[in-house]
Amino acid sequence: MPMTTSTTIFAVTAALLISAASCQNAQVKDEAEDVKDAREDVKDEKQDVKDEKKEVKEEKQEVKEQEAEYAKDLADRVAKAEERYAELGLRANKVTVGATDTAAEKEIESARDKAKAEIDDLRKATPTSLDSDLEQLEDAMDKYDDLLDKYEGV
């Protein structure tokens, strides 16, 4: 049976509508896939942020532990320096009690004051200045010790 013009138009229109609906359906599926991918990307980014925050927290904890260890080490070093300073002070008292040379007393006092100042500087030492501060303290203590050796028998 031959198709009439209106039947042909109806069939072509139906085919076009079906094709358009099919294209629309494919486009909606593509957009839904894009939305799904975007959600996964956001989820991944949120996880990355969580991981990064965790890393930062761990690093901060590590820094705190290092600072505590540094503070303890510094306190130990200061305590040792003060102990040596006290021992030298006892020797200085013996030396200066019997000394008749006021210049020697002043020299010993100056060395003692310098050693004490270096101990005070050591208390304020930073990790970057620690080696230098320790070296200066050791030099001051040695000078103090050497002066006591020099004047001990006098």
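Everything that follows concerns the structure shown earlier in this document.
Residues numbered from 1 in each chain as written. Predicted model: local features only at pLDDT ≥ 70, side-chain atom pairs only at ≥ 80, totals over all residues. Heavy atoms only, no water.

Draft legend 1. Looking closely at the overall build of the protein chain. Each helix and strand counted, the protein chain has three helices and zero strands in total. The globule rule puts the C-alpha radius of gyration for 154 residues at 15 Å, and the 43 Å found for the protein chain is more than 25% above it. Each of the three principal axes of the protein chain carries a C-alpha extent, and together these read 145 × 20 × 15 Å. Scored against the burial criterion, the 154 residues of the protein chain give a buried share of 18%. (Helix = DSSP H or I, 4+ residues; strand = E, 2+ residues; numbered from the N terminus. Rg over C-alpha atoms; globule rule 2.2 N^0.38 Å. Buried < 20%, exposed > 50% of the residue type's maximum accessible area, 1.4 Å probe, protein only.)

Draft legend 2. Quick peek at the side chain of D133. Relative to the assigned elements, D133 resides in helix 3 (residues 130-152). Salt bridges are absent for the buried D133, whose nearest opposite-charge side chain, K124, sits at 9.4 Å. Excluding anything up to four places from it in sequence, D133 contacts E118, D121, L122 and A125. (Lys, Arg positive; Asp, Glu negative; His and termini not counted. Salt bridge = Lys/Arg side-chain N within 4 Å of Asp/Glu carboxyl O. Contact = heavy atoms within 4.5 Å.)

Draft legend 3. Molecular detail of the nonpolar core. Ranked by internal contacts, the top residues of the largest apolar core, which has 23 residues, are L74, I108, I119, L122, M141, Y144 and L148. Contributing elements (two or more residues each) for this core: helix 1 (5-98), helix 2 (102-123) and helix 3. (Core = buried A, V, L, I, M, F, W, Y, C linked by side-chain atoms within 4.5 Å.)

Draft legend 4. Expanded view of the layout of surface pockets. When its volume is computed, the largest pocket comes out at roughly 170 Å³. Taken together, R77, K80, A81, R84, L134, L137, E138 and M141 make up the full set of residues lining the largest pocket. Elements with a minimum of two residues in the lining of the largest pocket: helix 1 and helix 3. (1 Å grid on protein atoms, 1.4 Å probe; cavity = no way out; pocket = protein on both sides within 12 Å on 5 of 7 lines; lining within 4 Å. Points joined across faces, edges and corners; volume = space filled by probe spheres on them.)

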